[in-house]
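# A look at the structure
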Amino acid sequence: MIVMVDTQHQFNARESDWGFTSFMPLSELYDPSRGYLMDDTVIVEADVAVRRVVDYWSHDSKKETGCVGLKNQGATCYMNSLLQTLYHIPYFRKAVYHMPTTENDNPSGSIPLALQSLFYKLQYSDTSVATKELTKSFGWDTYDSFMQHDVQELNRVLCEKLEDKMKGTVVEGTIQQLFEGHHMNYIECINVDYRSTRKESFYDLQLDVKGCRDVYASFDKYVEVERLEGDNKYHAEKYGLQDARKGVLFIDFPPVLQLQLKRFEYDFARDTMVKINDRYEFPLQLDLDRENGKYLSPDADRSVRNLYTLHSVLVHSGGVHGGHYYAYIRPTLSDQWFKFDDERVTKEDLKRALEEQYGGEEEVFVQFLLSFKLSAYALFSCIIAIIHSLFLQQLPHANPGFNNSPFKFTKYSNAYMLVYIRESDKEKIVCNVDEKDIAEHLRVRLKKEQDEKEQKRKEKSEAHLYTIIKVARDEDLGEQIGNEIYFDLVDHDKVRSFRIQKQMAFTQFKEEVAKELGIPVQFQRYWLWAKRQNHTYRPNRPLTPQEEIQSVGQLKDVSTKTNNAELKLYLEVEVGLDLLPCPPPEKTKDNILLFFKLYDPLKEEIRYVGRLFVEGSGKPLEILTKLNELAGFSPDEEIELFEEIKFEPNVMCEPIDRKQTFRGSQLEDGDIICIQKPLRSQTSEQYRFPDVPSFLEYVHNRQVVRFRSLDKPKEDDFSLELSKQNNYDEVVESLARHLGLDDPSKIRLTSHNCYSQQPKPQPIKYRGVDRLTEMLVHYNQTSDILYYEVLDIPLPELQCLKTLKVAFYNAAKDEVTIHTIRLPKQSTVGDVLNHLKTKVELSHPEAELRLLEVFYHKIYKIFPPTERIENINDQYWTLRAEEIPEEEKNLGPHDRLIHVYHFTKDATQNQAHVQNFGEPFFLVIHEGETLTEVKARIQKKLQVPNEEFSKWKFAFLSLGRPDYLQDSDIVSSRFQRRDVYGAWEQYLGLEHSDNAPKRSYATNQNRQTFEKPVRIYN
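Sheet architecture is open: five strands sit in the order β32-β31-β37-β33-β34, paired in mixed fashion. Unpaired on one side and paired on the other, β32 (718-723) and β34 (758-759) mark the two borders of the sheet. One ladder, built from four bridges, connects strand β31 (residues 702-709) with strand β37 (residues 785-790); its direction is parallel. Bridging across to β37, serine 709 finds its partner in tyrosine 788. Each of β31 and β32 touches helix α23 (residues 692-701); the most contacted strand, β31, lies at about 40 degrees to it.

Turning our attention to the confidence of the model for the protein chain. Of all residues in the protein chain, 87% attain a pLDDT of 70 or more, and the chain-wide mean is 85. Helix α13 (residues 366-371) is the least confidently modelled element of the protein chain, averaging 44 in pLDDT, while strand β30 (residues 671-676) averages 97, the highest of any element. This model gives residues 388-404 a pLDDT under 50, and the stretch forms 16 contacts once residues within four places in sequence are excluded. The model gives residues 978-982 a pLDDT under 50, and that stretch makes ten contacts with residues more than four places away or in other chains.

Under the counting rule described, the total for this entry stands at 40 aromatic pairs. Both rings, one in phenylalanine 202 and one in phenylalanine 250, keep their centres 5.8 Å apart while their planes meet at 80 degrees; by these two values the pair is edge-to-face. With phenylalanine 202 in strand β2 (residues 195-202) and phenylalanine 250 in strand β7 (residues 244-252), this residue pair connects regions lying 48 residues apart in the sequence. Comparing phenylalanine 202 with phenylalanine 250 shows no difference in burial state: the two are buried. Each ring, one from tyrosine 326 and one from tyrosine 328, has its centre 5.9 Å from the other, and the planes form 75 degrees; the classification is edge-to-face. Exposure class is identical for tyrosine 326 and tyrosine 328. Each is buried. Cluster of aromatic residues (ring-pair linked, three or more members): Phe202, Phe219, Tyr222, Phe250, Phe253 and Tyr295. In this arrangement the basic side chain of arginine 290 is found over the ring face of tyrosine 216, its NZ or CZ atom lying 4.2 Å from the centre.

Enumeration according to the criterion identifies 68 salt bridges in this entry. For aspartate 729, the salt bridge is made with arginine 767, and the minimal N-O distance between the two is 2.9 Å. One end of the pair, aspartate 729, is in helix α24 (residues 728-739); the other, arginine 767, is in the loop between β34 and α25 (772-776), and 38 residues separate them in sequence. Classification of arginine 767 as partly exposed rests on a relative accessible area of 48%. Each of the salt bridges in this network shares a partner with another, and the network as a whole consists of Asp488, Arg532, Arg538, Glu668 and Asp671.

When you line up the elements, threonine 346 lands in strand β15 (residues 344-348). At 2.9 Å, the side chain of threonine 346 forms a polar contact with the side chain of glutamate 348. Setting aside chain neighbours within four positions, we find threonine 346 in contact with His59, Thr65, Trp337, Phe338 and Lys339.

Relative to each other, helix α3 (residues 77-87) and helix α8 (residues 151-165) sit at 55 degrees, their axes nearing to 9 Å. Between α3 and α8, the angle is such that the two are oblique. The handedness of the crossing between α3 and α8 comes out as right-handed. Of the residues in α8, those touching α3 at Tyr78, Met79, Ser81, Leu82, Leu83 and Leu86 are Val151, Leu154, Asn155 and Leu158. In the contact of α3 with α8, the residues fall into eight nonpolar, two polar and no charged.

Counting through the fold element by element, threonine 866 comes out in the loop between β41 (858-862) and β42 (878-883). The exposure class of threonine 866 is exposed, given its relative accessible area of 67%.

Attention shifts here to the environment of threonine 536. When you line up the elements, threonine 536 lands in the loop between β21 (525-531) and β22 (537-542). By relative accessible area, which is 0% here, threonine 536 ends up buried. Between the alpha carbons of threonine 536 and aspartate 671 there is a distance of 9.9 Å; along the sequence they are 135 residues apart. Each residue touching threonine 536, except ones within four places of it in the same chain, is listed here: Asp488, Ala530, Lys531, Ile645, Lys646 and Phe647.

Phe92, Leu118, Phe119 and Phe179 are the most contacted members of the largest nonpolar core, which totals 56 residues. Broken down by element, this core gets its largest block of residues, eight residues, from helix α5 (residues 111-124). Here phenylalanine 92 is in contact with Leu86, Phe119, Leu162, Ile175, Leu178 and Phe179, once residues within four sequence places are set aside. In terms of nonpolar packing, the next biggest core, distinct from the first, is built from 40 residues, Val215, Tyr216, Ala300 and Tyr326 among them.

Cis rather than trans, the peptide bond between glutamate 648 and proline 649 has omega equal to 0 degrees. Mapping proline 649 onto the fold places it in the loop between β28 (640-646) and β29 (652-655).

Time to look at helix α29 (residues 931-942). The terminal C-alpha atoms of α29 lie 16 Å apart, and with twelve residues this matches the ideal 16 Å at 1.5 Å per residue to within 8%. Of all the positions in α29, only Leu931, Val934, Lys935, Ile938 and Gln939 are classed as buried. Around the axis of α29, the buried residues are gathered within 135 degrees of arc, so they sit on the same side. Summarising the contacts, the buried residues of α29 are in contact with β44 (914-925), α30 (946-949), β45 (953-958) and β47 (986-991).

Taken N-terminus to C-terminus, the directions of α3 and α5 make an angle of 75 degrees; their axes are 11 Å apart at the nearest point. By the angle between their directions, the pair α3 and α5 is classed as roughly perpendicular. Listed contacts from α5 to Leu83, Gln84 and Tyr87 of α3 are Leu115, Leu118, Phe119, Leu122 and Gln123. Split into classes, the residues belonging to the contact of α3 with α5 amount to six nonpolar, two polar and no charged.

Counted by the stated rule, this structure contains zero disulfides. Counting only cysteine sulfurs, cysteine 674 is the nearest neighbor of cysteine 653, a cysteine outside any disulfide, at a range of 5.1 Å.

Next up on the list: the side chain of serine 734. Take serine 734: it is sitting in helix α24. Apart from residues no more than four positions distant in its own chain, serine 734 is found in contact with Leu720 and Leu722.

In this fold, aspartate 126 is placed in the loop between α5 and α6 (132-137). Along the chain, aspartate 126 and lysine 62 lie 64 residues apart, while their C-alpha atoms are 5.7 Å from each other. Discounting chain neighbours no more than four positions away, the residues touching aspartate 126 are Asp60, Lys62 and Val68.

Analysis parameters
Residues numbered from 1 in each chain as written. Predicted model: local features only at pLDDT ≥ 70, side-chain atom pairs only at ≥ 80, totals over all residues. Heavy atoms only, no water. Pairing = 2+ DSSP bridges. Helix = DSSP H or I, 4+ residues; strand = E, 2+ residues; numbered from the N terminus. Contact = heavy atoms within 4.5 Å. Axes fitted to C-alpha atoms, helices over the stretch in contact; angles between N-to-C directions. pLDDT = per-residue confidence, 0-100. Phe/Tyr/Trp six-rings, centres within 6.5 Å; stacked < 30°, edge-to-face > 60°. Buried < 20%, exposed > 50% of the residue type's maximum accessible area, 1.4 Å probe, protein only. Lys NZ or Arg CZ within 6 Å of the ring centre and 35° of its normal. Salt bridge = Lys/Arg side-chain N within 4 Å of Asp/Glu carboxyl O. Polar contact = N/O pair within 3.5 Å; in protein donor to acceptor, adjacent residues only side chain to side chain. Parallel < 35°, antiparallel > 145°, perpendicular 65-115°, else oblique. Left-handed = near helix turned anticlockwise from the far one by under 90°. Nonpolar A, V, L, I, M, F, W, Y, C, P; charged D, E, K, R; others polar. Core = buried A, V, L, I, M, F, W, Y, C linked by side-chain atoms within 4.5 Å. Expected span 1.5 Å × (residues − 1). Arc of directions from axis to C-beta. Disulfide = S-S within 2.5 Å.

See below:
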């Protein structure tokens, strides 16, 4: 007997020793019957396999594999795995490179250029590549990047989009040449000479996983012949109903065969989507000519050898509500496989790429789990899986050999999509792609991007050796104040910056400035900036001669205690009468450097006019002539002075007493004084902002809002400049003026969701918020977007009403009309129906109506006439009104009212999956009534021609499973007696093809689909 236990361990400095805490019970070792001990000796063998440890953070994909990964934007792993698969089909990559683009194209607005750029970077970059340019070219926003989609759906949408973009170019038809195959659907009568065929193309094949052990079993199922007989006979032209065979055969397969494995399906019993994790094998080589070409149609070209080799395996790890995608690819079809997992690319062996992606169950020893040091999450996942297996398999709770007993748990990582390349096309598909395939403008553009990126990387790696010195001058203040900024003096990110080595002497840096700006060294005086307690940032003091002989690095440490690698300086340059630089004046302790701004109430403008040194003991009265000169006024012009103190969180700007000393007014170096002409009291009302404080208050609260029509939520309609302090009325009044609307109360606003980039579900109530700022805030983010709609009645009046969309079904005309009904919220369903009677055509004046809740072509509820409408939701369900037939008003004691729904079997599924369609209805059935009698009444009610009605089949359905009825069956015996409400799970089903046009009102039933569909907008 043998006891075998596996484990693995990563040795490190802390855990250099490793062993089993519990290998086997001693009692078993000493038990002679077991035979472990022979001559008082036991044999212990250790099979040690030493594997190289791959450190996730230090792993260099390019160095290790020659390939690079793609960055995940949040939930784009499904896209990354598909893009890597497509990129590693060289013929596809070459075609993308040959799509015509120009140097004037913008990658964010051009899918071909964005894809070319992405592929180029994957081919030549040394690090992982971002996909933001590509998703922007799709028209996606941040919300789309965080929404996980189906890789199969994206594959179809992207290929369709590329196929369209390639039309009229040298690569037109590439998608078809690579991926398009054809199959033939046929119906063949058994007893008469009649055959119907239809040729269809495909870009991928969906193969069943459930009930199939491997790919060949799925292909067998795909071409399985279905017999049409009995009640399911085929109506052949000229021959009537006939026994027939129905099936699919392949005319040709494409060079690149994409197989989509149906891992997800709808479980009707549980009414939910489920993932099929069953074991499903796929071969390294796939022979579709097997068994004398059993999958091929008579028209197929038998000279083409349909032998395929596996190129890539796309894997989904997780469950139905989410998970992770990655891909195993062998780019050149060699023996070496690579795993592409977002940014990380690793070499993998054949077993990992194939066998471990089959799915199914895996055995695990509890002892192994406990002795192997897993992460908390991994251990928790394994334990949950074991518990899950215990319940599913109903394993015994007591097990004497528990320590060594294997448990099976489901593997949630398995193949989801397979890509095969035909052997005979391998040379063509796996071709050489080099720089000559890439347009010159693209090479130049991307080479420049790479050079810039490399330069930034180099600068980042050398950042500790350098200091960035940002030098602000009077020219910067003059350009920025009143244009880009209004508060403080300068935006340091927009001034001249120098990248200087820290060991460079500051005197040498001054020489660099002299060369760059043309200011001689002796005329340069530098001031350090300081952040004050009120969060303003002002020049604080000039550098001392001792500081100027220090190195740049030492000076940076003096200026700031933070780890910021920047040194911010103000360069003071005096200009003489000849407008040339001259030596700066000597600064004494009593000197104060002040900066001056000028405000014009008429133009509503503020600008920088200069700076002055003043004596601290002096008074503003003494420098009025100089200030008028700076402002361009006459020497004796009367002016007012205000000190700009702070602007966060509120503006503080106060008048200066011209008779008090500068020190007495607590003015110091770097302070800002604003000048303006005084306004007479009788004229000040003519100005919106008559003085500096009111203007700065306005600027501080100014908010440009982008308004969008709620009907077109992706498009900016116009922008308005408002104040953050505007109340609700002021906002809608401004909007009404712009729209030329007399009544602002007819405007309804909706806030913006910063995460979904969509309007919030609920609009803003009338005067429901106090200020504009509250309208723009979404959690901790602030937006500048508001949505508007113009109502036909005032919003306060509308808010007292309940608006319902009701679909009126006219059975006599078989048509549906949509009616919008507004009634007071306290109204009842009876009030809705009475109001509807005034809008619709009734069969007779005394006709009675009822209101139903319909969802996915099933009736879920009949609303009592007394129910209040305030709580009725028509956002996800359809509200349908209809006349109550006379026969339903006079039900006998044994009569039953049953649900009747149209249905068809989903043609894409091999199993009997039922799909409802059309208008559901009620039907009275009488005790003892046969199906033949019921059919006659249904045909009369729906007015279906005999020929078409003869093809219909009838079934009793419970929980989505059809039980077909014979003409002689008593229908009432199938239905339990119960109230109509809640009886939708049992109904009489009418199976036939859905030939009716789709009604527009049904679209709102799609709001609760499994996931948002993939769309590429550009």
